[in-house]
Amino acid sequence: MEMIKLDISNALTNEKVKEAYKALLPKGLECNTSLHKGDGKGSDFLGWVNLPSEVSPELLSDLQSTVDMLRRDCEFVVAIGIGGSYLGTKAVVEALSDSFAQLKGGDTPTLLYAGNHISEDYLYELLELLKGRKFGLINISKSGTTTEPALAFRLLKALLEAQEGKDFARAHIVAITDAQKGALRSLATTEGYKTYVIPDDVGGRFSVLTPVGLLPIAVAGFDIKALVQGALDMAHTLITETTAEVNLAVQYAAVRNALYLHGKKIEILANFHPKMHFIAEWWKQLFGESEGKENKGLFNAAVDLTTDLHSMGQWIQEGERNIFETFLSIETPRHKVIIPEDKADLDGLNYIAGKRVDEVNKMAEIGTRLAHLDGGVPNIRISLPELNEYYIGQLFYFFEKAVGISGYLLEVNPFDQPGVEAYKTNMFALLEKPGYEEQTAEIKKRLS
Ligand code: PA5
């Protein structure tokens, strides 16, 4: 099998950036070693490093029986979760699904999502859709206490129980959470739900290769063994490549930090296939939550191209020069569409007749990379031979390793997320949650 490729030549056109990159490479290699030795910051959360080799045949076969049950009995399965308990699944399922799967129908249960925001209209519309339909729930929360999924689960559980009775509900609700802690663990134990454990040492945004991602991805009909195999092969490469110049994760971490040190404060992940939109969302969480702390860190943005070339393209070409781009490219699309010849040629497109649509897309990509580079936007290119489970597995692990190294180069703890508590404290205070009395009084004073 091939490996994904990294091209950083368009990122090193500035001599100062090149120098910084060279200086960061050996440090990056040390950071990679630290991740394996466990002697760096946040070392309690390094379970993801060896995770691909720890997905056992027993776990896979247990997951398969749950998948079989849900696929046999349910028209819809709702995956409930937010952040790392949502985005990995969404990324894989969107990347690999037929763009019109929901309209074409099919024999798998449709995977739906809830608990990744607090929109009342969305929840109303979801509940309306599920009325009178057979459905199951996969409730995912590492902490087991996150408000968004807990709220969605309460509503969906009530509907399922009212519709099918307690026994059916019990048999078709699966909880994925901590082994011991949290409200979801106690709820699942009390109700007698089937559960899977998220290991203590695997943080939410690194959990896609645990049951958090594996179960819903398999329910949606995708090959989780290939996903894990891709991650495993990438893990092997990134530990055995001990020369900084050839270790892709070290290179990517070093080049983005070199650019950051020289004024490029925003990294834009650009894809050329709308199916990859949620891979970018997953990446945004992984990098944003891991590095954005202590008033440091690149801001992670994403664009879907060529779509956004007709909106944000102007800003990227000529706006403030504090950005660089990382292009996520697919070498060969799954399907072939040839542009037909048209006798009248009224649209003037005969000059591309006979070509694959993807050839036009690729020329747009090359043209964009060059244009943006000329406009002062350096770029990196990561390419996947194809969009499938195996290469997404490689990509996931590559980015996880890279963010660990990159966070260490930035001298932050890439494995915590203290900043996400601030909004929660305010929300709980405003909702007058028991235990938040002092904060409630303070916030009321502030708002009066
Ligand atoms: O990476 C993280 O830890 C977070 O983004 C979590 O994934 C997110 O907050 C959801 O948390 P939980 O799974 O505990 O509900």
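Predicted, not measured: the structure shown is a model, and the values here were computed from it.

**Student:** An account of the UniProt feature "active site" (unreviewed entry) in the chain is requested, with residue identities and associated values reported.
**Tutor:** The UniProt feature table records "active site" (unreviewed entry) at Glu289 and Lys424. Structurally, glutamate 289 is set in helix H13 (residues 277-291). Residue class for glutamate 289 comes out partly exposed when judged on its relative accessible area of 22%. Not counting the four nearest positions on each side in its chain, glutamate 289 is found in contact with Arg205, Lys284, Asp416, Gln417 and Val420. Among the polar contacts made by the side chain of glutamate 289, one reaches the side chain of glutamine 285 at a distance of 2.9 Å. Among the secondary structure elements, lysine 424 is positioned in helix H17 (residues 421-430).

**Student:** So, the pairing of strand S5 (residues 173-177): which residues are in play, and what are the values?
**Tutor:** Burial analysis of S5 places five of its five residues in the buried class, which makes it a mostly covered element. Both faces of S5 are covered, namely the face carrying Ile173, Ala175 and Thr177 and the face carrying Val174 and Ile176. Relative to strand S6 (residues 194-197), S5 runs parallel, the two sharing four bridges. Residue pairing for S6: valine 174 is matched across the bridge by lysine 194.

**Student:** Talk me through the sheet that holds strand S10 (residues 379-384); I want residue IDs and the actual numbers.
**Tutor:** What holds strands together in a sheet is hydrogen bonding between their backbones, with the strands either parallel or antiparallel. Taken in spatial order, the five strands line up as S1-S10-S9-S7-S8 in an open sheet, and their pairing is mixed. Only two strands of the sheet have a single neighbouring strand rather than two, namely strand S1 (5-7) and strand S8 (299-304). Strand-to-strand twist in this sheet, taken as the mean axis angle between neighbours without regard to direction, amounts to 20°. Along the sheet, helix H12 (residues 248-261) makes contact with S1, strand S7 (266-271), S8, strand S9 (323-330) and S10, crossing S10 at roughly 155°.

**Student:** I'd love a proper account of the pattern of salt bridges, names of residues and values included.
**Tutor:** A full pass over the atoms with the stated rule returns 28 salt bridges. Taking the shortest distance from any N to any O, the salt bridge between lysine 157 and glutamate 191 comes out at 3.1 Å. Separated by 34 residues along the polypeptide, lysine 157 in helix H7 (residues 147-164) and glutamate 191 in helix H9 (residues 183-191) bring together distant segments of the chain. No difference in accessibility class separates lysine 157 from glutamate 191, as the two residues are buried. Between aspartate 416 and lysine 293 there is a salt bridge, with the nearest N and O atoms lying 2.8 Å from each other. Highlighted residues: aspartate 416 in the loop between helix H16 (389-409) and H17 and lysine 293 in the loop between H13 and S8, separated in sequence by 123 residues. According to the relative accessible area criterion, aspartate 416 is partly exposed, its value standing at 26%.

**Student:** Give me the lowdown on the packing of aromatic side chains, citing residues and values where you can.
**Tutor:** Inspection of the entire model under this criterion finds 18 aromatic pairs. Considering the side-chain rings of tryptophan 48 and phenylalanine 206, the 5.0 Å spacing of their centres and the 25° angle between planes classify their relative orientation as stacked. Here tryptophan 48 is found in the loop between helix H1 (15-37) and helix H2 (51-54), whereas its partner phenylalanine 206 is found in the loop between S6 and helix H10 (211-219), with 158 residues between them in sequence. Of the two residues, tryptophan 48 and phenylalanine 206, neither departs from the other in class, the shared state being buried. For the pair tyrosine 408 and phenylalanine 415, a centre-to-centre distance of 6.1 Å together with 85° between the ring planes defines the contact as edge-to-face. On the accessibility criterion, phenylalanine 415 (5% relative accessible area) is buried.

**Student:** Summarise the sheet that holds strand S4 (residues 135-141); cite the residues concerned and give the values.
**Tutor:** Spatial ordering of the open sheet is given by S3-S2-S4-S5-S6, a layout of five strands whose pairing is parallel. Across the chains shown, the open sheet's two edge strands, defined by having one partner strand only, are strand S3 (110-114) and S6. Within this sheet the neighbouring strands show an average axis-to-axis angle of 20°, counted without direction. Where strand S2 (residues 76-80) and S3 come together, five bridges link them in parallel fashion. Each residue of the ladder has a partner; that of valine 78, found in S3, is leucine 112. Its contacts with the sheet place H10 against S2, S3, S4, S5 and S6, and it is angled at close to 160° to S4.

**Student:** I'd like a description of the domain arrangement of the chain, backed by residues and values.
**Tutor:** Looking at the chain, the domain boundaries give domain 1 (5-42 + 229-415) and domain 2 (48-225). Computed over C-alpha atoms only, the centres of domain 1 and domain 2 are separated by 29 Å. At the junction of the two partners, domain 1 supplies 28 residues and domain 2 supplies 25 residues. Together, the buried faces of domain 1 and domain 2 total about 2,300 Å²; carbon and sulfur atoms form 66% of this surface. Run the count over domain 1 and domain 2 and you get one salt bridge. A salt bridge links arginine 205 to glutamate 289, with the nearest nitrogen and oxygen atoms 3.4 Å apart. Counting across the interface, domain 1 meets domain 2 through nine residue pairs in polar contact (both at pLDDT 80 or more). Looking at the side of domain 1 that touches domain 2, the elements that each hand over two or more residues are H1, helix H11 (224-240), H13 and H16. When residues of the side of domain 1 that touches domain 2 are assigned to their parent elements, the largest contribution, eight residues, is made by H13. Looking at the side of domain 1 that touches domain 2 residue by residue, the class counts come to 15 nonpolar, five polar and eight charged.

**Student:** Describe the packing of H17 against helix H18 (residues 437-447), and please don't skip the residues or the numbers.
**Tutor:** Viewed as axis vectors pointing N to C, H17 and H18 meet at an angle of 90°, and their least axial separation amounts to 8 Å. By the angle class used here, H17 and H18 are roughly perpendicular. Residues Thr425, Asn426, Ala429 and Leu430 of H17 form the contact with H18, whose participating residues are Gln439, Thr440, Ile443 and Leu447. By residue class, the composition of the contact of H17 with H18 is four nonpolar, four polar and no charged.

**Student:** Tell me about the nonpolar core, and please be specific about residues and values.
**Tutor:** Of all hydrophobic cores here, the largest spans 103 residues; its most connected members are Tyr252, Ile380, Ile382, Phe398 and Phe399. The leading source of residues in this core is H16, at 13 residues. Of the residues that make up this core, three or more belong to each of domain 1 (5-42 + 229-415) and domain 2 (48-225). Not counting chain neighbours up to four residues away, the residues in contact with isoleucine 380 comprise Leu6, Asp7, Ile8, Ala11, Tyr252, Val255, Leu259, Phe324, Glu325, Thr326 and Phe327. Counting 23 residues, the second-largest nonpolar core is a separate cluster that includes Phe76, Leu127, Leu137 and Leu159.

Definitions and cut-offs
Residues numbered from 1 in each chain as written. Predicted model: local features only at pLDDT ≥ 70, side-chain atom pairs only at ≥ 80, totals over all residues. Heavy atoms only, no water. UniProt positions renumbered as here; feature names shortened; annotations may be inferred. Helix = DSSP H or I, 4+ residues; strand = E, 2+ residues; numbered from the N terminus. Buried < 20%, exposed > 50% of the residue type's maximum accessible area, 1.4 Å probe, protein only. Contact = heavy atoms within 4.5 Å. Polar contact = N/O pair within 3.5 Å; in protein donor to acceptor, adjacent residues only side chain to side chain. Pairing = 2+ DSSP bridges. Axes fitted to C-alpha atoms, helices over the stretch in contact; angles between N-to-C directions. Salt bridge = Lys/Arg side-chain N within 4 Å of Asp/Glu carboxyl O. Phe/Tyr/Trp six-rings, centres within 6.5 Å; stacked < 30°, edge-to-face > 60°. Domains from an automatic or database assignment. Buried area = accessible area lost by both parts, 1.4 Å probe. Nonpolar A, V, L, I, M, F, W, Y, C, P; charged D, E, K, R; others polar. Parallel < 35°, antiparallel > 145°, perpendicular 65-115°, else oblique. Core = buried A, V, L, I, M, F, W, Y, C linked by side-chain atoms within 4.5 Å.

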